[in-house]
Amino acid sequence: MAGRKRAGPRMTMTTQLVLRALLADPAQERYGLQICAEAGLPSGTIHPILARLEHEYGWLTSRWEDIKPQDEGRPRRRYYRLTQARTPVSAMELRVRSAGGLA
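Residues numbered from 1 in each chain as written. Predicted model: local features only at pLDDT ≥ 70, side-chain atom pairs only at ≥ 80, totals over all residues. Heavy atoms only, no water.

K.L.:
An account of the packing of aromatic side chains is needed here, citing residue identities and associated values.
P.N.:
Describing an aromatic ring pair means giving the distance of the ring centres and the angle of the ring planes. The final tally for this structure, using the stated rule, is 2 aromatic pairs. Summarising the aromatic geometry, the rings of tyrosine 31 and tyrosine 79 are spaced 5.6 Å apart at their centres and angled 75 degrees between planes, so their arrangement reads as edge-to-face. Residue tyrosine 31 is located in strand 1 (residues 30-31), and its partner tyrosine 79 is located in strand 3 (residues 78-82); the two are separated by 48 residues in the primary sequence. With respect to burial, tyrosine 31 and tyrosine 79 carry one shared label: buried. Their ring planes at 50 degrees and their centres at 6.2 Å tell us that tyrosine 57 and tryptophan 59 sit as a pair that is tilted. Across this residue pair, the class does not change: tyrosine 57 and tryptophan 59 are buried. Its end group placed over the ring of tyrosine 31, arginine 77 keeps NZ or CZ at 4.0 Å from the ring centre. (Phe/Tyr/Trp six-rings, centres within 6.5 Å; stacked < 30°, edge-to-face > 60°. Helix = DSSP H or I, 4+ residues; strand = E, 2+ residues; numbered from the N terminus. Buried < 20%, exposed > 50% of the residue type's maximum accessible area, 1.4 Å probe, protein only. Lys NZ or Arg CZ within 6 Å of the ring centre and 35° of its normal.)

K.L.:
I'd like to hear about the nonpolar core, residue by residue, with values.
P.N.:
Formed by 18 residues in total, the largest nonpolar core has its most connected members in Val18, Leu22, Ile35, Ile46, Leu50, Leu53 and Leu60. Sorting elements by how many residues they give to this core places helix 1 (residues 13-23) first, with 5 residues. Leaving out residues up to four positions away in the same chain, isoleucine 46 has contacts with Val18, Gly32, Ile35, Cys36 and Leu41. (Core = buried A, V, L, I, M, F, W, Y, C linked by side-chain atoms within 4.5 Å. Contact = heavy atoms within 4.5 Å.)

Printed below as a string of structure tokens:
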């Protein structure tokens, strides 16, 4: 599948929660732990989803922040943002009411 993006991911509950967190303010960059908190999901769950949305579907871009971890006293953060290819995502009705269930 070199250079080609697939049409869209399988819309599991966890994928919908991650997308809902990102769509709350589509222009804002968020780092992983922010997305975890907003989606109500653990880090080990959201990072594979974020990787798929970025690399397989082209719906996200990401960047590492430019800091020196020893100066900040914490690891660098990877920030994620929806791309312009998000139109199919925005048009979808994400049927998630809360982290606890479907609408």
